[in-house]
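Architecture at a glance
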Amino acid sequence: MSVNKVILVGRLGRDPETRYTGGGQAVANFSMATDESYKDKNGERQKRTEWHKIVVWSKLAEIAQQYLKKGSLLYLEGRLQTREWQDKEGQKRTTTEIVATNFRMLGGRAEGAAAGGGGGGAARSGGDDMESHAAPADDSYGGGGGGHAPTGPEISDEDIPF
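This text gives an overview of the structure that appears in the document. Only a predicted model underlies this, so the values are computations on that prediction, with no experimental measurement involved.

What counts, and at which threshold
Residues numbered from 1 in each chain as written. Predicted model: local features only at pLDDT ≥ 70, side-chain atom pairs only at ≥ 80, totals over all residues. Heavy atoms only, no water. Helix = DSSP H or I, 4+ residues; strand = E, 2+ residues; numbered from the N terminus. Buried < 20%, exposed > 50% of the residue type's maximum accessible area, 1.4 Å probe, protein only. Contact = heavy atoms within 4.5 Å. Areas by Shrake-Rupley, 256 points an atom, 1.4 Å probe, with all protein chains shown as cover. Arc of directions from axis to C-beta. Polar contact = N/O pair within 3.5 Å; in protein donor to acceptor, adjacent residues only side chain to side chain. Salt bridge = Lys/Arg side-chain N within 4 Å of Asp/Glu carboxyl O. Core = buried A, V, L, I, M, F, W, Y, C linked by side-chain atoms within 4.5 Å. Pairing = 2+ DSSP bridges. Lys, Arg positive; Asp, Glu negative; His and termini not counted.

Each helix and strand counted, the protein chain has two helices and seven strands in total. Ordering the α and β elements of the protein chain from the N terminus gives β-β-β-β-α-β-β-α-β. When each of the 162 residues of the protein chain is scored for burial, the buried share is 40%. By sequence separation, contacts in the protein chain at least 24 residues apart represent 58% of the contacts at least 6 residues apart. When the accessible area of the protein chain is evaluated, it comes to approximately 9800 Å², of which 48% is carbon and sulfur surface.

Shown next as structure tokens:
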């Protein structure tokens, strides 16, 4: 048995960019920042920001494009995926990204309005006709397909520990 599960709470570093595959399936990309605070060896409080590349497929990508904006606070679930590709010079490159299967917009009303939608809304993949957690096999994007993965229980605001 193995598990490939990522849970993040952070802010969008840029607006989602959506494009469509040859088959008409939406794919959105955006960056997300998470922060960590710690004390260094001198006892000084330090803050470290980690940036994550996020990929969202299908209906979830369209929802992301419509409601998410730079600075939006987001709870996100997904899986890690590493893919190889060639750059313009023909060099082999590797990218590790998070393929989102579920997200929930966090923050108050003012932040939700600034982000272009109501705060606290949820988006989830995993319906029988959706496969937003896996790239189509014929897509040039490079994400390998795969069947439906279990998406887990719905998470409410009471489940988030802050």
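Once you've had a look at it, read on.
A few words now on helix H1 (residues 58-67). Of all the residues in H1, the buried ones are Ser58, Leu60, Ala61 and Ala64. Angularly, the buried residues of H1 cover 140° about the axis, an arc narrow enough to put them on a single face.

It is worth spelling out the side chain of Glu97 at this point. Relative to the assigned elements, Glu97 resides in strand E6 (residues 92-105). For Glu97, a relative accessible area of 3% corresponds to the buried category. Within the structure, Glu97 has its side chain in polar contact with the side chain of Arg83 (distance 2.7 Å).

Here we take up the pattern of salt bridges. Under the definition given, this model contains seven salt bridges. We note a salt bridge from Lys5 to Glu77, for which the minimum N-O separation is 3.1 Å. With Lys5 in the segment before strand E1 (6-12) and Glu77 in strand E5 (residues 73-86), this residue pair connects regions lying 72 residues apart in the sequence. Look at Glu77 and you get buried, because its relative accessible area is 2%. Residue Asp35 pairs with Lys47 through a salt bridge whose shortest N-O separation is 3.6 Å. Note that Asp35 is positioned in strand E3 (residues 26-39) and Lys47 in strand E4 (residues 45-57), a separation of twelve residues in sequence.

This part takes up unusual backbone geometry. Only a minority of non-glycine residues have a phi that is not negative, and only a minority of peptide bonds are not trans. Phi at Ser58 takes a positive value of approximately 65°, unusual for a residue other than glycine. Turning to its location among the elements, Ser58 is positioned in helix H1.

Ranked by internal contacts, the top residues of the largest apolar core, which has 19 residues, are Phe30, Ile54, Val56, Leu68, Leu74, Leu76 and Phe103. Broken down by secondary-structure element, the contributors of at least two residues to this core are E1, E3, E4, H1, E5 and E6. Look past the residues within four positions of Leu76 in its chain and what remains in contact with it is Val6, Ile7, Leu8, Phe30, Met32, Ile54, Ile98, Ala100, Asn102 and Phe103.

With that settled, consider the pairing of E6. The buried fraction of E6 amounts to ten of the 14 residues, a majority that puts the element mostly inside the structure. With two bridges joining them, E4 and E6 adopt parallel strand pairing. Bridging across to E6, Val55 finds its partner in Val99. Of the pairings in the sheet, the one linking E5 to E6 comprises 13 bridges and is antiparallel in character. Opposite Arg79, over in E6, you have Val99 as the bridge partner. Linking two consecutive strands that pair antiparallel, namely E5 and E6, is a turn of five residues; a positive phi of about 85° is found at Gly90 within it.

Bringing the side chain of Asp87 into the picture now. Locating Asp87 in the fold gives a position in the loop between E5 and E6. For the buried Asp87, which has no salt bridge, the nearest side chain bearing the opposite charge is Arg93, at an N-O separation of 4.0 Å. A distance of 3.0 Å separates a polar atom in the side chain of Asp87 from the backbone nitrogen of Glu89.

These values are about where atoms sit, not about what they do.
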